[in-house]
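# Geometric and topological summary
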Number of protein chains: 2
Amino acid sequence: MTSTNPKDFGFVREIPEGDSFERDVCSDCGWINYVNPKVVVGSVVTFEDKFLLCRRAINPRKGFWTLPAGFMEQKETTEEGAIREAYEEANANIRIRDMLGIYNITHISQVQIMYRAVLDVPEFSAGPESLEVELFTWDEIPWEDLAFPTVYWALHQYNSIKNEDRFIPFSNAEGDMLTKSFEIMKR
Amino acid sequence: MTSTNPKDFGFVREIPEGDSFERDVCSDCGWINYVNPKVVVGSVVTFEDKFLLCRRAINPRKGFWTLPAGFMEQKETTEEGAIREAYEEANANIRIRDMLGIYNITHISQVQIMYRAVLDVPEFSAGPESLEVELFTWDEIPWEDLAFPTVYWALHQYNSIKNEDRFIPFSNAEGDMLTKSFEIMKR
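Residues numbered from 1 in each chain as written. Chains lettered and ligands numbered in written order. Predicted model: local features only at pLDDT ≥ 70, side-chain atom pairs only at ≥ 80, totals over all residues. Heavy atoms only, no water.

## Topic: the overall build of chain A
Looking only at helices and strands, chain A has three helices and ten strands in total. Moving toward the C terminus, one meets the helices and strands of chain A in the order β-β-β-β-β-β-β-α-β-β-β-α-α. Across its three principal axes, chain A shows a C-alpha extent of roughly 55 × 35 × 35 Å. Burial status across chain A gives 50% buried among its 187 residues. Taking the intrachain contacts of chain A between residues at least 6 apart in sequence as the baseline, contacts between residues at least 24 apart amount to 61%. Of the roughly 9,200 Å² that chain A leaves accessible, carbon and sulfur atoms contribute 48%. (Helix = DSSP H or I, 4+ residues; strand = E, 2+ residues; numbered from the N terminus. Buried < 20%, exposed > 50% of the residue type's maximum accessible area, 1.4 Å probe, protein only. Contact = heavy atoms within 4.5 Å. Areas by Shrake-Rupley, 256 points an atom, 1.4 Å probe, with all protein chains shown as cover.)

This is the structure in structure tokens:
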């Protein structure tokens with residue numbers, strides 16, 4: 001894969017005329033690379049009392065377990081993106097229920113929108129970005145080997161409203177849940 | 001302002017190695033321009049029973065009335081972006097209450113995240129992107145001169161829960177509200 005870092009190309013960092021923010025501008029042709037936060041869409045997918053998790057085949061966090069999620073693409077809705085990601089990563093046809101939460105991960109400029117979703121039949125397998133895909137009961141979840149703090153947030157927030165039909169979506173974890181979730185990144 | 005259309009620069013449209021989607025790739029240096037949906041953050045801002053609207057000084061829809069909203073920037077939260085936009089467009093210091101709704105505008109690849117916000121004091125003025133900024137009661141709102149359907153959605157959805165402390169955020173308008181909102185674009 002080619003580098004995606006503007007520093008490896010002919011870009012210079014400057015504030016374009018009429019703008020308020022520094023952007024990368026191509027020194028060859030004047031193209032301005034406007035970069036805005038990216039949206040990650042994903043879901044906590046359940047079948048009966050089990051949770052669908054994918055073991056990552058790619059970096060970052062290769063070998064660790066994550067929820068089906070990824071970057072939203074042009075011309076799709078957030079729900080369509082979450083469905084596509086579950087299909088790409090787990091060959092799973094999921095049905096979206098409702099929005100679980102929206103997380104702001106400012107240091108990497110991501111807005112993560114997570115849904116509750118269900119598998120109507122337990123059919124799935126590892127897509128190209130997954131080493132394996134499995135259904136786990138709550139107690140079986142590989143808590144020591146989760147890929148990201150947001151996976152911990154989403155699973156715990158889901159569990160706290162698992163019997164609710166309607167609830168207000170969550171935002172970033174706070175307090176004890178936040179502290180515990182950061183332990184994940186030490187592994 | 002320089003063009004932002006890759007067609008005006010040395011880009012060719014192709015599927016990069018290992019990718020599933022067509023991207024614009026610079027024919028000079030190989031830079032891949034990954035474009036994902038952009039997040040628009042904004043708010044329905046109230047002072048007592050009045051709504052803060054801005055008359056647009058720029059295209060698209062110059063001269064029409066809109067809510068303070070705009071593209072989210074790197075390293076900020078969605079709430080911080082909504083606060084910044086109200087300051088830039090209306091010199092207004094708003095206080096965010098909660099999320100009003102999240103809209104998927106697929107034909108322009110936008111995810112719009114709208115908040116309920118309040119002005120604690122009625123101090124505001126037109127920023128560089130606004131011709132004027134005003135507070136309107138519900139009946140005074142210039143319904144015939146709104147800039148975008150989503151402004152209509154957000155105002156009506158707000159009004160439907162104005163006495164609620166907690167509610168589930170809305171999504172795209174449907175049915176009659178959607179139909180009526182499209183009338184706006186004929187003006």
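Additional details are given in the paragraphs that follow.
## Details of the pairing of strand S5 (residues 50-56) of chain A
All names here are of chain A. Burial runs high along S5: five of the seven residues are buried. Across two bridges, the pairing between strand S4 (residues 38-47) and S5 is antiparallel. Directly across from Thr-46, in S5, lies its bridge partner Phe-51. Hairpin connection, S4 to S5: the antiparallel pair is bridged by two residues, and Glu-48 has positive phi, about 55°. Bridging between S5 and strand S6 (residues 65-66) involves two bridges; their strand directions are antiparallel. For Cys-54, the partnering residue across the bridge sits in S6 and is Thr-66. (Pairing = 2+ DSSP bridges.)

## Observations concerning the environment of Asp-145 of chain B
Residue and element names in this part refer to chain B. Considering the arrangement of structural elements, one finds Asp-145 in the loop between strand S10 (130-137) and helix H2 (149-160). Residue Asp-145 is classed as partly exposed on the basis of its relative accessible area of 36%. Sequence separation of Asp-145 and Arg-23 is 122 residues, and the distance between their C-alpha atoms is 37 Å. What Asp-145 contacts, discounting residues up to four positions off in sequence, is Phe-64 and Trp-65.

## Observations regarding the confidence of the model for chain A
When pLDDT is averaged across chain A, the result is 94; 99% of the residues are at 70 or more. Here the predicted complex carries an ipTM of 0.90, next to a pTM of 0.91. (pLDDT = per-residue confidence, 0-100.)

## Let's talk about the pattern of salt bridges
Counted under the stated rule, the structure contains 26 salt bridges over all chains. Between Arg-23 of chain B and Glu-73 of chain A there is a salt bridge whose closest N-O contact spans 3.0 Å. Taken as a pair, Arg-23 of chain B in strand S2 (residues 23-26) and Glu-73 of chain A in the loop between strand S7 (69-71) and helix H1 (78-90) lie in two separate chains rather than in one. Since its relative accessible area comes to 7%, Arg-23 of chain B is described here as buried. Measuring nitrogen to oxygen at the nearest pair gives 2.6 Å for the salt bridge that ties Arg-95 of chain B to Asp-120 of chain B. (Salt bridge = Lys/Arg side-chain N within 4 Å of Asp/Glu carboxyl O.)

## Description of the sheet that holds strand S1 (residues 11-14) of chain B
All names here are of chain B. Pairing is antiparallel in the open sheet, where three strands are placed in the order S1-S2-S3. At either end of the open sheet lies a strand with only one pairing partner, and these are S1 and strand S3 (32-33). In this sheet, S3 lies alongside S2 in antiparallel orientation, the contact comprising two bridges. Its bridge partner lying in S3, Val-25 is registered against Ile-32.

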